[in-house]
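Descriptive analysis of the structure
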Amino acid sequence: MLYWLTEFSDGGDIFNLFRYITFRAGMAFFTALIFGFIFGRPLINLLRRRQGKGQPIRDDGPQTHFAKAGTPTMGGLLILSALLFSTLLWARLDNVYVWIVLGVTFAFGLIGFADDYAKVSKQNTKGVSSKIRFILGLIIAAAACTAAAWAHPDALAYKLALPVFKDTLLNLGWFFVPFGMIVIVGSANAVNLTDGLDGLAIMPVMIAAGTLGVISYIVGNYNYTEYLGVHFVPGTGELLIFTAALFGGGLGFLWYNAPPAAVFMGDTGSLALGGALGAIAVCTKHEIVLAIVGGLFVVEAMSVIIQVLYFKRTGRRVFLMAPIHHHFEKKGWAEPQIVIRFWIISLILALIGLATLKLR
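Residues numbered from 1 in each chain as written. Predicted model: local features only at pLDDT ≥ 70, side-chain atom pairs only at ≥ 80, totals over all residues. Heavy atoms only, no water.

**Notes on the nonpolar core**
Counting residues in each nonpolar core, the largest one holds 93 residues, and the members touching the most others are Val 101, Phe 108, Ile 184, Ile 202, Phe 242, Leu 273 and Leu 277. Sorting elements by how many residues they give to this core places helix α6 (residues 202-219) first, with 11 residues. Excluding its chain neighbours within four sequence positions, the residues that come into contact with Leu 277 are Ser 187, Val 191, Val 205, Ala 208, Ala 209, Leu 212, Leu 290 and Phe 297. In this structure, Leu 296, Ile 338, Val 339 and Phe 342 belong to the second largest nonpolar core, which totals 9 residues. (Core = buried A, V, L, I, M, F, W, Y, C linked by side-chain atoms within 4.5 Å. Buried < 20%, exposed > 50% of the residue type's maximum accessible area, 1.4 Å probe, protein only. Helix = DSSP H or I, 4+ residues; strand = E, 2+ residues; numbered from the N terminus. Contact = heavy atoms within 4.5 Å.)

**Quick notes on unusual backbone geometry**
Apart from glycine, the bulk of residues carry a negative phi angle, and the bulk of peptide bonds sit in the trans form. Omega for the bond connecting Pro 259 with Pro 260 falls within 30 degrees of zero, at -5°, which places this linkage in the cis form. Here Pro 260 shows up in the loop between α8 (239-257) and α9 (266-284). A cis amide bond links Ala 322 to the next residue, Pro 323, at an omega of 0°. Mapping Pro 323 onto the fold places it in the loop between α11 (295-314) and α12 (324-330). A positive phi angle is found at Val 164, which is not glycine, with a value near 70°. One can find Val 164 in the loop between β1 (159-161) and β2 (169-171). The class for Val 164 is partly exposed, based on a relative accessible area of 28%. With phi around 65°, Lys 285 is a residue other than glycine that occupies positive phi space. In this structure, Lys 285 sits in the loop between α9 and α10 (287-293). Under the relative-accessibility criterion, Lys 285 is labelled buried at 3%.

Here it is, written out as structure tokens:
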């Protein structure tokens, strides 16, 4: 919104700063971070009063989790509020990609909110039917992917770009839409599955978002794309402001979510943030790179799929418990040990994802 102040600039004054994406991204980060620090504690107190017993704890989960009973959920509201306020304040509101990603984020956030509300109000872990959540997610993703395909340059529309093999474009035709739907819905649910320990999901989300933000800025800048040999997607650089706001809001939330958590993210946050990562990947033509950058989320989701399929076929389990972070809990790893090691893995995968921009 503040970008309109550039109309008062003659090129040599403070208003000229608002032309620069990097300046606005930095300000978006600090705005979201301060928002989180200011409103975090009041929101937690409100959630605690309204929810009473807090998020229900799974009866079949690790025994250590019963000590978390009474912790409020829906903490994702803090991240989403900071993200929305900061993005609307600092991003160009005439940018279609900003609205696509914002739309996906908050639509999935509404699904997650409904699920969290059902769990808290009924005091059970079932929430909204998984089938309903899945169908709604597909509808949202279909609309986002269609809009992204229309916004892409003609040379890139409905095509899949490959990392490393940068001159290769696979023309998916209308199959691009269902492919993008899988990316967005899969990302949303993978992050949702990862959110099982204090601080486990938010830092990998921030790392992945930061990485995708850098990629967005690069592919939206013609000079950088020429140098690195990647496809130029004009307008995507503005998504750096969104990811910077997400990073700042995520840090503000982590202040309260660090072990022992004062509030849980809930599906309100995990579905929304996972959907956001998928939407950014679709907009920037880096869907496959997301599988690398968000490799931790892929492993978490695959551990559940493998566990379910193997158990149905043999009646036995591959892991002591799925998702895989619970497997390590069952093996005796301390919760902070699992969380920090998973953070390290996420950072390594993010660096590998960035390296694909240079590899040829």
